[in-house]
Amino acid sequence: MSNFGDTRHERPSKVDELLGSSLMSSLDKLDIIARKIFSGKIQGERRSKRRGVSVEFADYRQYAAGDDLRFIDWNVYARLDRLFMKIFIEEEELTVGIAIDASASMDYGNPNKFDFARRLAMSLGYIALSSHNRASLFSFSDRGVERLTALRGRSRTRDMGQWLLDLTPSGGTDFVEACKTLSTARQGRGVLVVISDCLSEDGLSQGLKYLARGGWDVFLMQTLAPEEIDPEHEGMEGDVRLEDVETGNTCEITVTSPLIEKYKERLHSYCEELRTQCARIGVGSARVSTDIDMETLLVEYLRTRGLLR
Amino acid sequence: MTFVTLSTGLVLGAVVVPLLLLLYFLRLRRQPLRISSTMLWRSAVEDLHANSPFQRLRPSTLFLLQLLALLLVVLALMQPQIEGEQLREGRHVLLIDHSASMNATDSMGKTRLDDAKKQAKSLIEQLHGGGVFSNRGGTTMIISIGESAQIVLPFSDSVQQLVEAIDGIQLTHGRSSISDGLKLARAYMTNVDPEVQGPPSQESAQLELFSDGNLIDLSEQALQQGESLVYHQIGEAETPNVSIARIAVDRKPDARNEVQVFVSLANFGREPVTTDLELSLDGIPIGLEQVTIPALKVAKGSLSIEGVVNMVFVPFELTTSGVVQVKLMVSDALDLDNIASLVVPPPRELRVLLAENGVPLVQTALEGLQLAQLKIVSPQTLEAMVTDGTASSFDVVVTRDVSLEALPRGRYLAFGGEMPVAALRRYAEGEGQVTLVGKEDHPVMRFVRFEEIVAAKGNAIVPTGGAEVLLEGSSWPAILHYKGEGRSIVYVAFDPIESNWPYLRSFPFFIYNAIDFLGRSGDILATTPLEVGSAIVGVVPPGVTSVTVIEPDGTRHSLMVEREGRFTWGPIRLSGVHHVEREDAPTKIVAVNLPPEESRLAAETDVQIGASKVLASTTKSSSFMQLWPWAIGAVLVVLLIEWKIYQRKVSGSRRAHTDSFGMLQ
């Protein structure tokens, strides 16, 4: 058995290895952006359609019995002799959902896709908690959806990290069922970042529709290993029998330049089709290679993609 | 195409081709590789789930090239060969013409003999080209044919020996005769086994004639049972050539110090040729004449007559001997026949001794000749002079109606009487007759009109060895020439008094010719140009034991003089001036010219041997060719291509890939 695609680096076993202190300091300045305006149960840093308590003025209304006297505009009362209440845009808390594909196909590549996904989830979770948002983590595979919900405050960072460390990739991917579950798992409105290699033979469009209709502001992070992007460059050669780690299907090939070119064409068209589907249903998407620097990804790449600010 | 070692190749192919397939399958025992998903690969490759052996044999350039290379190797081991005609087993006799006409250079500057050798070697390859892994049966014999035939190599199956023998054949300047070659071949084909009773058996053989077809005696031959002839035409059917057909030099009878040169020129081309003819004496040019030689005349059918022009140079004075040479200043296919030489002896008056019975018929004629001395003696005195040897001081001894007891070395003109020579022995008295056929080209018979001669009686003689009939009568030979044992005799077999000859003009002409012919026979080496293939014969005084003959190319041959003072060297191999050296006398020069027949260079497209007409073989251009070196070369090319494709695949896999995939969008 060739070691092609096997993870050669050390796997993370501590929370610190998922999120280093230097990266953490860089993430403090970031916040997750929701392209939609949601209402939350408690005041957060997110604008809400509901008028509430904040510093941003929205409108006036006549005083009614029972109103909070602190919001009466006394200057208007002095001029008009009538009581008007100042109405402010309420800043609600945001639910940031992070869903990790925990199927066996994610446990592949060098750097490992699943490790990359955990580090990315850890980083996004930390950003969410730092921004006083509510963070929920999900992992999905054909075994179902595991979750760690309603985390608030930076103090839950370690819990979040430990939960991620405890995840084990195995089994296949049932993306549609997972999306159905995720669409109903929302606690309030929020952003759901799905991290997956998106290599599903059943297709992703139906699942993404479930998520979009469920009220999530969905952002799909397609994560691919370098071995999947350019297998020949990473050392795939000769006559090999490819074995699918999820389905067990085999495919015998002789690695030739024309075959590699054809594979790349298929990969490119598959990704492009996925991106088109996402755009059609209002799902943001990005494609990343696991060998990309995490800070670069978060600070530069995802900011330009509008997921972070 | 045939295969020399077909079975070897098939066995090898049956082993190695399945072996390659096996290796291919073994090599296709693919390395398992776990990947995240085969979804995209499946759509990219064509051989999904290809588990059966036949499905595995998908088109693979490298595999096909390897298979091709292997098959080419197998093909090479089979030793394929292309041949012009079906292989012929058994015995073959290669008759290679190396006569003068084979010196012609009518193909790319190479001589016809070179072409003949090339074709002969090609045939050798065809017959014996068994290659490295096998040895084909059959034997081949090499015979060179020219004026005479020579076995270059007896029957052999060694290609190396045969090729070396062919390469060793040298050009000659003589005619081409096949009869000797056939005799030699048949002698070697005859199987004489002392253990087998009965007459010797003759094995059949294939005769392969490499010639331009100009063989003087081909039509006189016939193929024997079991023989077959293949004619390999050498040279082109249309080969223009001009030549000096004949040269003659004569001193004027009335002015012996003046020499006249007669030249006959021939043109074998279809266009007239105008050129210069140079005359030189002892190598110094003394005359130049422009001459136009008419073109070849084509008669009905394929018969053609060469264009001929005769020339006479202005007489020039020559008080001593000298070598006259004429040269055509033209360059054509055969340069050898553009030069002819002749040696002119010094002028000399003759001394004649005459003994005659009866009326002085001969004396009257001799007195009219310009002689240094004419001594007339009685028959008895002549007998005594012959006995004591004093007669030998005369150039010619003339007798009429005299029978001598003995005839020592000397030159004699005898009318009637009986000669003590076996070849001229009378067996009966000849009855009256008329003369019928004369040999007009003989010097003795020149200008002799013999048709009117009637003899009443004479000596009936059956000419045997050494005697040549110069005039044939209705019942018995009338005039003969005998040469042998140091004697040269012109014998008239009847007494002129018994005929009407003394009253005819031809009588004194004959006597003049005969005296001149016999009297100057000491100069025979000079006055008559010899031809290639003949022999240089001479007589030296007593005491001389050896002479040396020097050929035109400088080759020296030392000869021992025979008991009677004669020496003979031959056959003459080359045309040109030969020198005969001896210690006691100045060098004698002998001129040898090319046989005029060899100037006809038009190669025959078919030859007639006996009643069989043999067309030229068509295998001239289709030479036998071994293909295995080409197959090996093709293997190398295929391997080179395979290596190139493999390298391209390997280097293609190392091609620079896209930078960080995160920025693909």
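These notes cover the structure that comes with them. (Residues numbered from 1 in each chain as written. Chains lettered and ligands numbered in written order. Predicted model: local features only at pLDDT ≥ 70, side-chain atom pairs only at ≥ 80, totals over all residues. Heavy atoms only, no water.)

1. Looking at unusual backbone geometry
Stage number 1. With an omega of 5 degrees, the peptide bond running from N110 of chain A to P111 of chain A counts as cis.
Stage number 2. By the secondary structure assignment, P111 of chain A is in the loop between β3 (95–101) and α4 (113–130).
Stage number 3. Note the cis peptide between G570 of chain B and P571 of chain B, where omega equals -10 degrees.
Stage number 4. Tracing the chain through its elements places P571 of chain B in the loop between β36 (566–569) and β37 (576–582).
Stage number 5. The phi angle at D282 of chain B is positive, at roughly 50 degrees, despite the residue not being glycine.
Stage number 6. Note that D282 of chain B resides in the loop between β13 (273–281) and β14 (284–293).
Stage number 7. When its relative accessible area of 47% is taken as the criterion, D282 of chain B is described as partly exposed. (Helix = DSSP H or I, 4+ residues; strand = E, 2+ residues; numbered from the N terminus. Buried < 20%, exposed > 50% of the residue type's maximum accessible area, 1.4 Å probe, protein only.)

2. Things to note about the sheet that holds strand β6 (residues 190–196) of chain A
Residues and elements named next belong to chain A.
Stage number 1. Pairing within the open sheet is mixed, and its six strands lie in the order β5-β4-β3-β6-β7-β10. Taken across any chain shown, the strands that pair with only one partner, and hence form the sheet edges, are β5 (144–151) and β10 (284–289). Geometrically, the sheet is characterised by an average inter-axis angle of 15 degrees between neighbouring strands, direction not taken into account.
Stage number 2. As paired strands, strand β7 (residues 216–224) and β10 are joined by six bridges and run parallel to one another. If you follow F219 over to β10, its bridge partner there is G284.
Stage number 3. Packing of α4 onto the sheet brings it into contact with β3, β4 (134–141), β5, β6, β7 and β10, and relative to β3 it is tilted by some 175 degrees.
Stage number 4. Of the strands in this sheet, β7 and β10 touch helix α10 (residues 294–304), which is tilted by about 140 degrees from β10. (Pairing = 2+ DSSP bridges. Axes fitted to C-alpha atoms, helices over the stretch in contact; angles between N-to-C directions. Contact = heavy atoms within 4.5 Å.)

3. Overview of a negative patch on the surface
Stage number 1. Negative charge collects at one region of the surface, where E440, D441, E451 and E452 of chain B lie side by side.
Stage number 2. Residue position: E451 of chain B is located in the loop between β26 (433–438) and β27 (454–455). (Patch = residues over 30% accessible without salt bridge, like charges linked within 9 Å, V, L, I, M, F, W, Y side chains within 5 Å. Areas by Shrake-Rupley, 256 points an atom, 1.4 Å probe, with all protein chains shown as cover. Salt bridge = Lys/Arg side-chain N within 4 Å of Asp/Glu carboxyl O. Lys, Arg positive; Asp, Glu negative; His and termini not counted. Charge placed at Lys NZ, Arg CZ, Asp CG, Glu CD.)

4. Examining the packing of α4 of chain A against α10 of chain A
All names here are of chain A.
Stage number 1. For the pair α4 and α10, the least separation of the axes is 11 Å and the interaxial angle reads 55 degrees. In terms of axis orientation, α4 runs oblique to α10. The chirality of how α4 crosses α10 is right-handed. Where α4 approaches α10, its residues F116, R119, L120, S123 and L124 are matched on the opposing element by M294, L297, L298 and L302.
Stage number 2. Residues that form the contact of α4 with α10 fall into these classes: seven nonpolar, one polar and one charged. (Parallel < 35°, antiparallel > 145°, perpendicular 65-115°, else oblique. Left-handed = near helix turned anticlockwise from the far one by under 90°. Nonpolar A, V, L, I, M, F, W, Y, C, P; charged D, E, K, R; others polar.)

5. Some thoughts on a nonpolar patch on the surface
Residues and elements named next belong to chain B.
Stage number 1. On the surface, V434, L436, V437 and V454 cluster together into a nonpolar patch covering about 320 Å² of accessible area.
Stage number 2. Summarising the element assignment, V454 is placed in strand β27.
Stage number 3. Since its relative accessible area comes to 39%, V454 is described here as partly exposed.

6. Observations concerning the pairing of β4 of chain A
Residue and element names in this part refer to chain A.
Stage number 1. Most of β4 is tucked away, with eight of its eight residues classed as buried.
Stage number 2. Neither face of β4 is left uncovered, since the one carrying R134, S136, F138 and F140 and the one carrying A135, L137, S139 and S141 both have all their residues buried.
Stage number 3. Both β3 and β4 contribute to a ladder of seven bridges, which runs parallel. Across the sheet, the residue bridging to G97 is S136, located in β4.

7. A few points about the nonpolar core
Stage number 1. Membership of the largest hydrophobic core comes to 60 residues, with the highest contact counts inside it found for V398, L413, F415, I479, W501, F510 and I515 of chain B.
Stage number 2. Tallying contributions element by element places helix α10 (residues 506–519) of chain B first for this core, with seven residues.
Stage number 3. When residues no more than four places from it in sequence are discounted, the contact partners of F415 of chain B are V362, V398, T399, R400, D401, V492, F494, P496, W501, F507, F510 and I511 of chain B.
Stage number 4. I32, L148, L151 and V288 of chain A belong to the second-largest nonpolar core, a separate cluster that totals 48 residues. (Core = buried A, V, L, I, M, F, W, Y, C linked by side-chain atoms within 4.5 Å.)

8. Some points on the packing of helix α6 (residues 175–184) of chain A against helix α7 (residues 205–213) of chain A
Residues and elements named next belong to chain A.
Stage number 1. Between α6 and α7, the shortest axis-to-axis distance is 8 Å and the interhelical angle comes to 0 degrees. Comparing the axis directions of α6 and α7 gives the class roughly parallel. Every residue of α7 that contacts α6 at F175, V176, C179, K180, L182 and S183 is listed here: Q206, G207, L208, Y210 and L211.
Stage number 2. Grouping the constituent residues of the contact of α6 with α7 by class yields seven nonpolar, three polar and one charged.

9. A few points about the pattern of salt bridges
Residue and element names in this part refer to chain A.
Stage number 1. A full pass over the atoms with the stated rule returns 26 salt bridges over all chains.
Stage number 2. The residue D115 makes a salt bridge to R11 at a minimum N-O spacing of 2.5 Å. With D115 in helix α4 and R11 in the segment before α1 (15–18), the pair connects residues that are 104 residues apart, well separated along the chain.
Stage number 3. When its relative accessible area of 3% is taken as the criterion, D115 is described as buried.

10. A short note on the sheet that holds β14 of chain B
All names here are of chain B.
Stage number 1. Here four strands make up an open sheet; going across it, the order is β14-β13-β19-β20 and the pairing antiparallel. Of all the strands in the sheet, just β14 and β20 (339–344) have a single pairing partner and so form its edges. Strand-to-strand twist across the sheet, computed as the mean angle between neighbouring axes with direction ignored, equals 20 degrees.
Stage number 2. With six bridges connecting them, strand β19 (residues 322–328) and β20 associate as antiparallel partners. From the neighbouring strand, K327 faces β20, where its bridge partner is I339.

11. A few points about helix α4 (residues 61–78) of chain B
Stage number 1. In this model, α4 of chain B (18 residues) spans 25 Å end to end at C-alpha, consistent with the 26 Å of a helix rising 1.5 Å per residue.
Stage number 2. Listed as buried for α4 of chain B are L62, F63, L65, L67, A69, L72, V74, A76 and M78 of chain B. (Expected span 1.5 Å × (residues − 1).)

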